[in-house]
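The primary structure of each chain is shown beneath.
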Amino acid sequence: MRKVQSTTTLVMVILLEALLISCKDSQKSNITLLDDQIPTNTPLIFAKGIISIDDHVQSSITLNPDMNELFFNRRKPGESHNIYTMKLIDGKWSKPTLAFFSTNKKYLDLHPRFNPSGDRLYFGSTRPLHDSIKSSGLHQWYIEKNESGWSKPIPLLEKLFEDEWIMCVSPAANGNLYFTSKEKQDKLEDEGIYYAINDEGRYNAIEKIGKGINYSGKWIAHPYIAPDESYLIYDAERTSLYENGDLYISFNKNGTWMLSYDLGPKINTKTSEGTATVSPDGKYLFFSRGEEKIEEDGSKYWENNIYWVDFIAFKKELLESRNMN
């Protein structure tokens, strides 16, 4: 009898493990429901006609850990940047709609970033601080998820950050924050990648990352930090081409950021690439690619689409090409 019970228990454990694996795989495939074409190591436009729409600027996509909720930037011609959201409901993705906190098109809202646990979403906004009626420029905000849903927007640690120019906060799993910033005397194009260490929920100082990342070039911006801080992806202009942002990656070796290198010709083109993020399962790299276009009347506008690529396959190929395996 004990042998039968033991066998039955073993079968139940195996079935349960299979179910958990199946559920995990299902979660990992949620994002693929948005697109019929799944990329390999060559980038494709992501969710064309749904998220990536012609004559618009789309960027900075971010997903929660279950990959059933996402946020991204969109700017319609003649309008400001706003944040849009989508949810997976009963196996189908909802249509993109303005996020509840980004319906006022008078102010810029941009660069949303989930924290790795999915219960906090950071974003930048030019909305007024302290219930004033006048904007004081770009500040960082966040919303928190609780049992009843998302909270109202909260300014990020005003005492430390409110007097600093900060953009595109990217959180690691340990709460450390990485972002774009600059010294007060510097021009905006001289921005770089900075960070703040989480000290039991407090951030006591803002530090600039070393020369492995912040070396020659301009517009060094929009970091994506791996949850375990093993690598950081960012964009910068380091060529003579006009508005030619490229993506770079740096690996963290024993606490030191190694000299970063560009992601190669499959990612970086003569157009502008930036605002990279990686899906929570580590499988897909998302980034924006765009260029300035000219209307028949001579007026200019930007068109920016979100692209995606199999990051596992691409990273392996990239490391092999750099003899880093």
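Higher on the page you've got the structure.
Numbering of residues begins from 1 in every chain and follows the order in which that chain's sequence is written. In keeping with the predicted nature of the model, local features appear solely for residues at pLDDT of at least 70, side-chain atom pairs appear and are counted solely at 80 or more, and the whole-chain, interface and lining totals rest on all residues. Water and hydrogen atoms play no part in the side-chain values, which are based on all heavy atoms of the structure.

A separate point is the overall build of the protein chain. In DSSP terms, a helix is any run of H or I states spanning at least four residues, a strand is any run of E spanning at least two, and both are numbered starting from the N terminus. From N to C terminus, the protein chain includes three helices and 23 strands. Per-residue accessibility, obtained with a 1.4 Å probe over protein chains only, is compared with the maximum for each type, and a residue is labelled buried under 20%, exposed over 50%, and partly exposed between these values. Per-residue burial over the protein chain gives 47% buried out of 325 residues. Contacts between residues were defined by any pair of non-hydrogen atoms, one from each residue, lying within 4.5 Å. Long-range pairs, those at least 24 residues apart, make up 46% of the contacts in the protein chain with a sequence separation of at least 6. For the accessible areas, the method is Shrake-Rupley and the probe is 1.4 Å, while residue cover comes only from the protein chains on display. As displayed, the protein chain has an accessible area near 17200 Å², and 52% of this comes from carbon and sulfur atoms.

The next thing to look at is the layout of surface pockets. Buriedness for pockets is judged along seven lines, at least five of which must meet protein on both sides within 12 Å for an open set on the 1 Å grid over protein atoms alone, while cavities are sets there where a 1.4 Å probe fits but cannot get out, and lining residues have an atom within 4 Å of a point. Grid points are joined across faces, edges and corners, and a volume is the space filled by probe spheres set on the points. Size it by volume and the largest pocket reaches roughly 800 Å³. Around the largest pocket, the lining comprises 30 residues; the ones closest to its centre are His81, His111, His222, Glu243 and Thr275. Counting residues per element, the ones that place at least two in the lining of the largest pocket are strand E2 (57-63), strand E3 (69-75), strand E7 (109-114), strand E16 (218-225), strand E17 (231-237), strand E21 (272-278), strand E22 (284-294) and strand E23 (300-310). Looking at which element gives the most residues to the lining of the largest pocket, the answer is E21, with four residues. Grouping the constituent residues of the lining of the largest pocket by class yields 11 nonpolar, 13 polar and six charged. Every residue lining the second largest pocket is counted, 18 residues in all, and those nearest its centre are Leu63, Phe114, Pro116, Tyr224 and Val278. Mapped onto the lining of the second largest pocket, the elements with two or more residues apiece are E2, E7, strand E12 (166-171), E16 and E21. Per element, the largest residue contribution to the lining of the second largest pocket is three residues, and it comes from E2. In terms of residue class, the lining of the second largest pocket is made up of 11 nonpolar, six polar and one charged. Amino acid classes used here: Ala, Val, Leu, Ile, Met, Phe, Trp, Tyr, Cys and Pro are nonpolar; Asp, Glu, Lys and Arg are charged; the rest, including Gly, are polar.

Another point: helix H3 (residues 311-321). Along H3, the positions that sit buried rather than exposed are Phe311, Phe314, Leu318 and Leu319. The buried side chains of H3 occupy one side of the element, clustering within an arc of 130 degrees when seen end-on. Residues of H3 that are exposed and point more than 90 degrees away from the buried face comprise Ile312 and Lys316. Counted as a polar contact is a pair of N or O atoms within 3.5 Å, where, for protein atoms, one must be capable of donating a hydrogen and the other of accepting one, and residues adjacent in sequence contribute only when both atoms are in side chains. N-capping of H3 is provided by Asp310, with a side-chain oxygen placed 3.1 Å from the backbone N of Ile312. Positive backbone phi, approximately 55 degrees, marks Asn323, located one or two places after H3. Of all possible arcs, the one meant is that of the directions from the helix axis to the C-beta atoms.

A few words on the environment of Gly255. Residue position: Gly255 is located in the loop between strand E18 (245-253) and strand E19 (256-257). Its relative accessible area of 62% is what places Gly255 among the exposed residues. Spatially, the C-alpha atoms of Gly255 and Glu229 are 9.2 Å apart, while their sequence positions differ by 26 residues.

Time to look at the side chain of Thr275. Its location among the elements puts Thr275 in strand E21. A polar side-chain atom of Thr275 sits 2.8 Å from a polar atom in the side chain of Ser288.

The next subject is the pattern of salt bridges. In what follows, salt bridge is the name for a side-chain nitrogen of Lys or Arg lying within 4 Å of a carboxyl oxygen of Asp or Glu. Under the defined criterion, the tally for this structure stands at eight salt bridges. Between Lys105 and Glu79 there is a salt bridge whose closest N-O contact spans 3.2 Å. Here Glu79 lies in the loop between E3 and strand E4 (82-89) and Lys105 lies in the loop between strand E6 (97-98) and E7, a separation of 26 residues in the sequence. Among the residues examined, Glu79 registers a relative accessible area of 33% and is labelled partly exposed. With a shortest N-O distance of 3.0 Å, Asp109 and Arg127 are connected by a salt bridge. Here Asp109 is found in strand E7, whereas its partner Arg127 is found in the loop between strand E8 (120-125) and strand E9 (139-146), with 18 residues between them in sequence. Here Arg127 falls in the buried class, since its relative accessible area comes to 15%.

What follows concerns the pairing of E4. Remark: a regular strand shows side chains that alternate across the two faces of the sheet. For E4, the buried fraction is high: six of the eight residues fall into the buried class. Inspection of the sheet shows E3 paired to E4 by six bridges, in the antiparallel sense. Within E4, the position partnered with Glu69 by the bridge is Lys87. Only strands joined by at least two bridges in the DSSP assignment are considered to pair. Note: E4 against E6, two bridges, orientation antiparallel. Across the sheet, Tyr84 pairs through a bridge with Leu98, a residue of E6. As judged from the two bridges shared by E4 and strand E5 (residues 92-93), these two strands associate in the antiparallel manner. Within E5, the residue paired with Ile89 across the bridge is Lys92. Here E4 folds back onto E5, and the loop between the two strands holds two residues, one of which, Asp90, carries a positive phi near 50 degrees.

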